[in-house]
Number of protein chains: 2
Amino acid sequence: MEEDSNQYAEASFPNSETEVYLEERDPESNSLHQPLLKRNRTLSSSPLAIVGAKVSHIESLDYEINENDLFKQDWRSRSEVQVLQYIFLKWTLAFLVGLLTGLIATLINLAVENIAGYKLLAVVGFIQEERYLTGFIYLTASNFLLTFLAAILCVCFAPTAAGPGIPEIKAYLNGVDTPNMFGATTLIVKIIGSIGAVSAGLDLGKEGPLVHIGSCIASLLGQGGPDNHRIKWRWLRYFNNDRDRRDLITCGASSGVCAAFRAPVGGVLFSLEEVATWWRSALLWRTFFSTAVVVVVLRAFMEICNSGQCGLFGTGGLIMFDVSNVTVRYRLMDIIPIVLIGIIGGVLGSLYNHLLHKVLRLYNLINQKGKLHKLLLSLTVSLFTSACLYGLPFLAKCTPCDSSLPDSACPTNGRSGNFKQFNCPKGHYNDLATLLLTTNDDAVRNIFSTNTPSEYNPFSLLIFFALYCILGLFTFGIAVPSGLFLPIILMGSAYGRLLGIAMRSYTNIDQGLYAVLGAASLMAGSMRMTVSLCVIFLELTNNLLLLPITMIVLLIAKTVGDSFNPSIYEIILHLKGLPFLDANPEPWMRNLTVGELADAKPPVVTLCGVEKVAHVVDVLRNTTHNAFPVVDGGVVPPVGLAEGATELHGLILRAHLVQVLKKKWFLREKRRTEEWEVKEKFTSMDLAEREGKIEEVAVTSDEMEMYIDLQPLTNTTPFTVVESMSVAKAMVLFRQVGLRHLLIIPKYQAAGVPPVIGILTRQDLRSYNILSAFPHLARSKSREKGN
Amino acid sequence: MEEDSNQYAEASFPNSETEVYLEERDPESNSLHQPLLKRNRTLSSSPLAIVGAKVSHIESLDYEINENDLFKQDWRSRSEVQVLQYIFLKWTLAFLVGLLTGLIATLINLAVENIAGYKLLAVVGFIQEERYLTGFIYLTASNFLLTFLAAILCVCFAPTAAGPGIPEIKAYLNGVDTPNMFGATTLIVKIIGSIGAVSAGLDLGKEGPLVHIGSCIASLLGQGGPDNHRIKWRWLRYFNNDRDRRDLITCGASSGVCAAFRAPVGGVLFSLEEVATWWRSALLWRTFFSTAVVVVVLRAFMEICNSGQCGLFGTGGLIMFDVSNVTVRYRLMDIIPIVLIGIIGGVLGSLYNHLLHKVLRLYNLINQKGKLHKLLLSLTVSLFTSACLYGLPFLAKCTPCDSSLPDSACPTNGRSGNFKQFNCPKGHYNDLATLLLTTNDDAVRNIFSTNTPSEYNPFSLLIFFALYCILGLFTFGIAVPSGLFLPIILMGSAYGRLLGIAMRSYTNIDQGLYAVLGAASLMAGSMRMTVSLCVIFLELTNNLLLLPITMIVLLIAKTVGDSFNPSIYEIILHLKGLPFLDANPEPWMRNLTVGELADAKPPVVTLCGVEKVAHVVDVLRNTTHNAFPVVDGGVVPPVGLAEGATELHGLILRAHLVQVLKKKWFLREKRRTEEWEVKEKFTSMDLAEREGKIEEVAVTSDEMEMYIDLQPLTNTTPFTVVESMSVAKAMVLFRQVGLRHLLIIPKYQAAGVPPVIGILTRQDLRSYNILSAFPHLARSKSREKGN
């Protein structure tokens, strides 16, 4: 897979990656042209990834607390009232995230149900009048227009709104900032685009987009509004840091899943198992609060809609696909079909991952050609989908209604409901139209329908399955907001129900449950989640007695899938080139020390405690490092040590250096500053600022000769490792503590030894980058595997 | 609370703690009588805690991978087959943990239902014959004997089997080893004791004990059997380390909760939220597998028992307290009683925590007096309980049966069932007997009973509530295996149902649901869990529509409870003096550096790379440190550095030094050893051995003059912090990475600076210990609060 990282991209992305790496400047490389000693290989690391649909520079996030003097002062001076303000605001924001996500989810649901509903009603009308061609044109045209709306918005205004957004959120919570991911434009385009794409009958869900929407809301609330119109409310300054924003986005992602599936516990667990990298018990609780708010909002709107004020939205409860009316009584023999479902789900899931990967690479080539091509691709998929949805039901035979069903239940002609009449005579229904000529949600509901063992013809299910396999592969990569959950559920339920029909004579498990288990197994086979999927399915179907078999199916499907390829989200992360740090280090990382890693990098650039402005400007202009160790030589240590010692003060961030230059906080002579001098000039707001660029700073030649006291802004407590530390352990530390920079210090103590011999970043710890600098490790890689 | 740590204890515990600390040897103290420079205060740390019921030395666990040469060789030489063996065994053990926990849980259930069932049947028989005194004597005597059995086993054979065991498991997973906690004797006593205590009708549950049983099984399986009769199977060597045992015990704890509540997802989440400190996605999956096995086992036995082969165990499904037959339709006004339940639950829960704390301290004084007193205390509680259970129902009035109920449903006379006849005439039932003269599980089932709004008289419920408040406080601390879940559920359901009766005219929520919500709120108020409780209640009651209100109740109750005191498990951990490391550092820890902490400790004792035997023996005999930094002076660094540098090799464990001395792996001359020499003498099995004591080692005076090459056994990759690191960040590192020792290295680089200036252990990072060495921080403590 390595060779195609960064291939899932659009126009601006050249064919040869290595060229990009050389042309673009590496923010952690050192171009101060210092002599390179005893180095025959270099650890080059690319900070490029595909964000939205274009190659962008990505930055790491500062999840570590930057404990410099200013922070400590600010923190010490926080009164109890301010602490209470912070706690109050934290919970208020969690409440608002839940509330807004719930409201927007309701809005999307209302819009989709009404737009798609009226569209389908009209089509059904034409069919009843046997005006088949008019019906086809009507359906195709409306789907075309809706897709066009969604695609044009994504292509022109917010390329990051296309796709599900979950991989980027996963990367964000792992410590990788992706530009334009959580902006106001993205949010609005995502909402409208999602409504358009789902109403257009495309084979995609609103689940992934809702997770992204929840996260956008959380991020915007945390920063006080869109980038250009932020509310500069004093209270919000507490949230002006990456740590608190991370917590908020976790709440947002959970709320999104909760709103998508009406599954509050499932939402929390989804964030915990799949999305989040760090997790605290306190966060579990806050996330849970957000999802509780979402459920209350959804519930309140359902109460309103139950009285018929929501157009075609109609009645409905919190359970989306209720199968609780089936008594689950299974015998030992039933284990065979259950295991079978799990195995097939795992195989199909990993096959889907494999094929989707190929399709995304193909789409990359098309999308590279420009905006028009992206738009055309989306519209082609829309036309193909419409043609299939309308045309295929004509292939199915009309089935007479079961006489035990009341007349109102079979056949139906409305926008939703089971046993659709379509082109059939009275008292007959078209089973394929029941699945195809409806919204995706209703299709799931119909295929999950229980106690209807003979509703679907195997031939119709086969067509349905084949169609959704094709659509599932070719719809995901187009330039509209698209979720993966629903396509996989549709595919899985079709194969599950097919299997149920095949096994009919052996077991007495209900066909609807087969569909549910099939959907669960394919989800596990593709997405590789366990507990969260189990709870989501429980909350979707409201059948607790199904839990043990769901668990077994999920475990088998995941095991089978894992033996073929990684999960779909990991594949996408890889394709996009996002530097995601895995939980487990590779086994060969134990054979490499961080010292060897540091040797393969250009030497570290350090600054002095009180540094000349000229040198600071030089360093900032000529390197792209984001932090510099602050080191003083020739100091006299406090007690009993020889003179001429060197001292490690800490680490200073590029952003803070730029701030100092911008504010022109220079000293005429080389001296330490007093606490009040710093306080006068800098606030904690300034420190949170990350936007400044060295190119925007103008320094006169007079000023160049002045000094800066870096120490008040230096993080005096950076995390460090000794050079003999293994890369495996350093990576565990890096990920567990949530670092951006890790200093390497020598294991020798002597005069003349530099106190810092290297600095590691996220990119240096990625196995791909290490393996290209140390190719001999790659050879041992294939042999060694472990936990 | 600080002043009473280590008070919850038995006989051997003296009154003044400080005396104990001075008499007992501190394993991390240094008594080599080196001069103490510039130290006016010392950071003393006590490694004592109450384990089971006596003061014991506790040790930290090595969750960090000890990367020494031998480990690396062993690890590099692992073939692919061995890796597969390891993975296979890992899953087999997870399977066995689930299987055995499920079997034992079934055994306990069968035994309890049959013993308690026949006992109650006999008592009901006497009452029907109006032989009230005989009935009383029969009940009291059988309860007395059962309690005696449970208590005598706990007191004489396994004091660690008393109580729930959850706090100790929590501590184990946090990195604190408590002796005799997971042995075979403990397991057997816990099983028999739990059967005895629960059958005796005491106000305690089998839930906590089942968690402990699951963990014991996991630990015993991992080490290949009881301490004295371990299977020396080669495959099991992979599990002979603290990390893999930690994972197994996590599986065991989840399986226990799952077996107790028949709640597989709840079990996993309970471990995740309450018990475990570290968590990985891979572990989530394995734990889930274990609980799935438990559910399948339980389910299989239920199928068998449904055909009537289990005596009085009778029929029953996976849902313990099913309330799914109630339609939950709530209006906006219903929010008032829901909020009320939450608030009262929080207040009552924290009040319960507070009072239980006092009672446990009182019991400590009694238990100190000896085994006989412990036994007498248990028996007194048993007598009191029996008297109340039998006598109080006579206070209740007989209620005529509702005419809508069939004759077989009201009144009942069997061992279980609602509407018990007791002393009432035909067609009448005694509502208090329905709750009291039954097993605890049935009592919960009866009080949760839905669609029976007028079953219970408020007066009866009040008596029930008051009785269970008293019993809940005075039963927990006695010397039998006891869980906290069921007493709290009983108390909570009583008050919930009472509140339901009080609010009857305002809302139309079912009385049974009030009981469920009351139980949930009191659980949250006392144990402070959220998501896991929510899922456990969902799985207990099988009513998904209840989920949103359960969430709100839990959130409110936890918030209210947290504003008064910590959770009950934290209180017990504190009482026992277990050095649990919290997730969040105290705010004042930012104002202290690890360098200051190291100054307050005796100087660090280091060893050389090749060390004289005499010095090693001396150090081991005169200190109780568990690890020593290995440092060489006067080395010549590889390139460009001045001679006379000092080098940090790493950290060597006491256990490994003892091993070297035991094996007499000495060198005649001072030289480095070859790889094969080490391999010949030591296996990875030897390195996992932790039992050896220096007192058992005899070294001749000839041998004393020889040398040991420590380097092959030295962990070359210890985690380090620079002395300027704040204690807050060091603590985050310590906990997140799971350390036992953290080396402090100087921030200066110069000749003559020692490469290690201190070593931190778990005890040094506990706020209580720090505050006693730095009293001025305590003053600022009260002012500062944060996230």
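Scoring rules and cut-offs
Residues numbered from 1 in each chain as written. Chains lettered and ligands numbered in written order. Predicted model: local features only at pLDDT ≥ 70, side-chain atom pairs only at ≥ 80, totals over all residues. Helix = DSSP H or I, 4+ residues; strand = E, 2+ residues; numbered from the N terminus. Contact = placed C-beta atoms within 7 Å. Least-squares fit on C-alpha atoms with pLDDT ≥ 70 in both. Core = buried A, V, L, I, M, F, W, Y, C linked by C-beta atoms within 7 Å. Buried ≥ 20, exposed ≤ 12 C-beta atoms within 10 Å, placed from the backbone. Domains from an automatic or database assignment. Nonpolar A, V, L, I, M, F, W, Y, C, P; charged D, E, K, R; others polar. Pairing = 2+ DSSP bridges. Axes fitted to C-alpha atoms, helices over the stretch in contact; angles between N-to-C directions. UniProt positions renumbered as here; feature names shortened; annotations may be inferred.

1. As for the overall build of chain A
No. 1: Of regular secondary structure, chain A possesses 29 helices and 14 strands.
No. 2: Partitioning the contacts of chain A with sequence separation of at least 6, the portion at a separation of at least 24 is 79%.

2. Side note on the relation of the copies chain B and chain A
No. 1: With an RMSD of 0.1 Å, chain B superimposes on chain A once it is rotated by 180° and translated 0.0 Å along the axis. Expressed as a symmetry operation, the mapping of one chain copy onto the other fits a two-fold axis.
No. 2: Of all interface residues in chain B, 100% are interface residues in chain A too; the two copies therefore contact each other through one and the same surface.

3. Some points on the nonpolar core
No. 1: Cys154(A), Ala730(A), Cys154(B) and Ala730(B) are the most contacted members of the largest nonpolar core, which has 457 residues in total.
No. 2: Here this core spans two domains, since at least three of its residues come from each of domain 1 (96-313) and domain 2 (332-576) of chain A.
No. 3: The residues contacting Ala730(A), other than those within four sequence positions of it, are Val594(A), Val721(A), Met725(A), Leu742(A), Leu760(A) and Leu765(A).

4. Points about the interface of chain B and chain A
No. 1: In this complex, chain B contributes 69 residues to the contact, which on the side of chain A involves 70 residues.
No. 2: Here the side of chain B that touches chain A gets 9 residues from one element, more than from any other, and that element is helix 10 (residues 281-306) of chain B.
No. 3: A breakdown of the residues in the side of chain B that touches chain A according to their chemical character gives 43 nonpolar, 14 polar and 12 charged.
No. 4: As judged from the 2 bridges shared by strand 9 (residues 645-653) of chain A and strand 13 (residues 748-749) of chain B, these two strands associate in the antiparallel manner. The partner of Glu647(A) across the bridge, within strand 13 of chain B, is Tyr748(B).

5. Observations regarding the environment of Leu283(B)
No. 1: With respect to the helices and strands, the residue Leu283(B) is situated in helix 10.
No. 2: Between the C-alpha atom of Leu283(B) and that of Thr250(B), which follows or precedes it by 33 residues, the distance is 8.4 Å.

6. Topic: the sheet that holds strand 12 (residues 741-745) of chain A
Residues and elements named next belong to chain A.
No. 1: In spatial order, the strands read 11-12-14; together these 3 strands make up an open sheet with mixed pairing. Pairing within the sheet leaves two strands with one partner each, and these edge strands are strand 11 (720-722) and strand 14 (758-761). Averaged over all pairs of adjacent strands, the angle between their axes in this sheet comes to 30°, without regard to strand direction.
No. 2: Where strand 11 meets strand 12, 3 bridges bridge the pair, whose relative direction is parallel. Within strand 12, the residue paired with valine 721 across the bridge is isoleucine 744.

7. Remarks on the UniProt feature "transmembrane region" (unreviewed entry) in chain A
No. 1: In the UniProt entry, the feature "transmembrane region" (unreviewed entry) is given for residues 86-112, 132-158, 278-298, 335-355, 375-396, 459-492 and 544-561 of chain A.
No. 2: From the first C-alpha to the last, residues 86-112 of chain A spans 38 Å; its make-up is 100% helix and 0% strand.

8. Describing the domain arrangement of chain A
Residues and elements named next belong to chain A.
No. 1: In terms of domain boundaries, chain A breaks down into domain 1 (96-313) and domain 2 (332-576).
No. 2: Here the C-alpha centre of domain 2 lies 22 Å away from the C-alpha centre of domain 1.
No. 3: Listed per partner, the contact involves 53 residues of domain 1 and 46 residues of domain 2.
No. 4: Those elements giving two or more residues to the side of domain 1 that touches domain 2 turn out to be helix 3 (80-128), helix 4 (132-156), helix 5 (166-174), helix 6 (184-199), helix 7 (207-223) and helix 9 (264-275).
No. 5: When residues in the side of domain 1 that touches domain 2 are grouped by element, the largest group, 12 residues, is from helix 4.

9. Quick look at the sheet that holds strand 12 (residues 741-745) of chain B
All names here are of chain B.
No. 1: Pairing is mixed in the open sheet, where 3 strands are placed in the order 11-12-14. The open sheet has two free edges, formed respectively by strand 11 (720-722) and strand 14 (758-761), since each of these has just one partner strand. Between one strand and the next, the sheet's axes are offset by a mean angle of 30°, whatever the strand orientation.

10. Overview of unusual backbone geometry
No. 1: We note that Lys664(A) has phi near 50°; this positive angle belongs to a residue other than glycine.
No. 2: Within the secondary structure, Lys664(A) sits in the loop between helix 23 (654-663) and helix 24 (675-681).
No. 3: A tally of 15 C-beta atoms within 10 Å means that Lys664(A) is categorised as partly exposed.
No. 4: The phi dihedral of Arg528(B) falls on the positive side, at around 60°, and the residue is not glycine.
No. 5: For Arg528(B), the position within the fold is in the loop between helix 17 (511-527) and helix 18 (531-541).
No. 6: C-beta crowding within 10 Å serves as the criterion here: with 28 such atoms nearby, Arg528(B) is assigned to the buried category.

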